[in-house]
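A look at the structure
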Amino acid sequence: MRHRFGQSDRITVPFRMLSHRFSMIAMLLVSCALLLFGRAEAYVFDDARNKTLEIMTPVMDWMSSPSALFRSWLENFDAYFDVYEKNRILREENSRLMAWKDRALQLEQVAIRYQDLLDVQLEPEITYISGRVVSDSGGPFVHTLIINAGRKQGVAEGQAVVDRRGFIGRVVGTGKAASRILLASDLNSRVPVLVEPSNDRAVMTGDNTSRPNLEFLSDNAEIKAGDRVVTSGAGGMLPPGLPVGITVQTNEGKFRVQPFSEQARVSYVRVLRYDFPGEIAPETEEEAAEEEEALSVDASPPAPAAPQTEPIALPPEPQTPVLPESPPRVATEEPIQVMPLGEPSETVGDDDG
Amino acid sequence: MDRSLTRSFSALYQLSIPFAVALFCVMFTMLPWGLSSGVVIAPSFALMAVYYWGLYRPDLMPPIAVFLVGLFQDLMSGGPLGLWSLVYLAVYGVVVSQRLFFIGKAFLAIWIGFGVILSPLSVLAQAFLSFILYPIAARIFAAVQKQFLNQP
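So, here is what we can say about the structure in this document. All values reported here derive from a predicted model rather than from experimental measurement.

Some thoughts on the overall build of chain B
Along chain B, the regular secondary structure elements total seven helices and zero strands. What you see in chain B, going N to C, is helices and strands ordered as α-α-α-α-α-α-α. The burial tally for chain B puts 53% of its 152 residues in the buried class. Per element, the accessible surface of chain B, about 6500 Å² overall, is 74% carbon and sulfur.

Thoughts on the packing of helix α3 (residues 63-77) of chain B against helix α4 (residues 83-97) of chain B
All names here are of chain B. Taken N-terminus to C-terminus, the directions of α3 and α4 make an angle of 145°; their axes are 7 Å apart at the nearest point. For the element pair α3 and α4, the recorded crossing hand is right-handed. Mapping the contact onto sequence places P63, V66, F67, V69, G70, L71, Q73 and D74 in α3 and L83, W84, S85, Y88, L89 and Y92 in α4. Considered class by class, the residues forming the contact of α3 with α4 number ten nonpolar, three polar and one charged.

What to know about the side chain of Q73(B)
By the element assignment, Q73(B) lies in helix α3. Of the residues examined, Q73(B) reaches a relative accessible area of 1% and is grouped as buried.

What about a nonpolar patch on the surface?
Residues and elements named next belong to chain B. Together, L5, F9, L12 and L15 line one region of the surface with nonpolar side chains, adding up to about 390 Å² of accessible area. The topology assignment puts L12 in helix α1 (residues 2-30). In this structure L12 comes out as exposed when scored by relative accessible area, which is 55%.

Examining α4(B)
In this model, α4(B) (15 residues) spans 21 Å end to end at C-alpha, consistent with the 21 Å of a helix rising 1.5 Å per residue. Considered for burial, the residues of α4(B) that qualify are W84(B), S85(B), V87(B), Y88(B), L89(B), V91(B), Y92(B) and V95(B).

Concerning the sheet that holds strand β5 (residues 179-183) of chain A
Residue and element names in this part refer to chain A. Strand order in the closed barrel formed by six strands is β1-β2-β5-β4-β3-β12, and the pairing between neighbours is antiparallel. Taken pair by pair, the neighbouring strands of this sheet meet at an average axis angle of 45°, ignoring direction. Here strand β2 (residues 144-147) pairs with β5 via four bridges, running antiparallel. Paired with I147 across the strands is S179, a residue of β5.

Definitions and limits used
Residues numbered from 1 in each chain as written. Chains lettered and ligands numbered in written order. Predicted model: local features only at pLDDT ≥ 70, side-chain atom pairs only at ≥ 80, totals over all residues. Heavy atoms only, no water. Helix = DSSP H or I, 4+ residues; strand = E, 2+ residues; numbered from the N terminus. Buried < 20%, exposed > 50% of the residue type's maximum accessible area, 1.4 Å probe, protein only. Areas by Shrake-Rupley, 256 points an atom, 1.4 Å probe, with all protein chains shown as cover. Axes fitted to C-alpha atoms, helices over the stretch in contact; angles between N-to-C directions. Left-handed = near helix turned anticlockwise from the far one by under 90°. Contact = heavy atoms within 4.5 Å. Nonpolar A, V, L, I, M, F, W, Y, C, P; charged D, E, K, R; others polar. Patch = residues over 30% accessible without salt bridge, like charges linked within 9 Å, V, L, I, M, F, W, Y side chains within 5 Å. Salt bridge = Lys/Arg side-chain N within 4 Å of Asp/Glu carboxyl O. Expected span 1.5 Å × (residues − 1). Pairing = 2+ DSSP bridges.

Below you can see the structure in the form of structure tokens.
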């Protein structure tokens, strides 16, 4: 196959080359300027990015349907070869998991009892928004995904995103019906994590490889290869306890995280909607203020109403001696409940009442 | 008057074809192919488009078009703006400056030329896949050129 060059080239080449060179230099300068400016003021282009996201996602959504088909073929093709082996492994795993299930059910009961006893502040419920991946960044510089769920469905920036196996990243941009996810492997990704079972805290930093680094480990951290890594929830960005991956040790002795998730291979993801304890706090403060008001008036009718609004919580009643109702209420409960909770002064107060 | 209007329309049309092809290439690359686990290695079809048009018809693929294609990819991927523009402009600049060398050469030489240009990026698996797939892409670009630009 031979290609011929344009006929008109011979006549206008000198002029063309000059103008080409000029606009070439201009465009190079503009690119560099954009890079530098974007580095300094990263948020400036966010609107442009989100707008592009919004406009292009329907197109990508449409275009990606055949690629999803291609992908399912690929997966089926893969699966065909190891169907017997897979079956055996799954059966073994299943029998192992059944044992674990029994154990988990037992432990769940125990945990519920303890939580009741200790009056643990339970994590707020997490709800999901599912979305299909319509685009990945397709390049070596940035690791992002675009999914076809956005603000309309309740996705907001900062929310954690998981696939069926574990944490994959978080939302960094949203459009009306589209959002962009920064994968944990991206150069800009920083995720506070917890390494189990030693409970060492670390920050998982992406470096554009498939295995993110574990950084800021304390010197006396007791981590082995194969330890489980979960999100720690530190910093209030992500819900705690999401499975992330397992640790692997590199030749230099540093630790990296082998993610559970399929990363770029993922086709459906779930965005987690999660209300942070910090965001609920103002309400409880208000309640506390109301209670205080009610007590300062020292009217007996509102006083018993206040404890009823709370489940079994004991600590917010430092005024127990003032209330005639509280001693009987405490008396109906088991004595252990008071012990781990109330500060010494309160328990003393109860005894006095 | 009428004729010059027609001519400028025709020029616009001619300019739009390679640009549209390159934009489509960006989107095509960014489809979730799922070929990779973790490290994204989808071949960069837009790079091939920039190479192809830079070689055969740089007059239809001016630097500003190259810049816009890169900008589009940056906006889509959410990365730093100007990064892909810079990569594409660099490739384009090298190709255009070496055009005279490639004139009249066999396709194999042009293919190898593409490999040479990719070599600074060769640490990336993406570059390798792009190299492998270039002949297919070039054939498609040639078909587009023949179909829409009345060029052999």
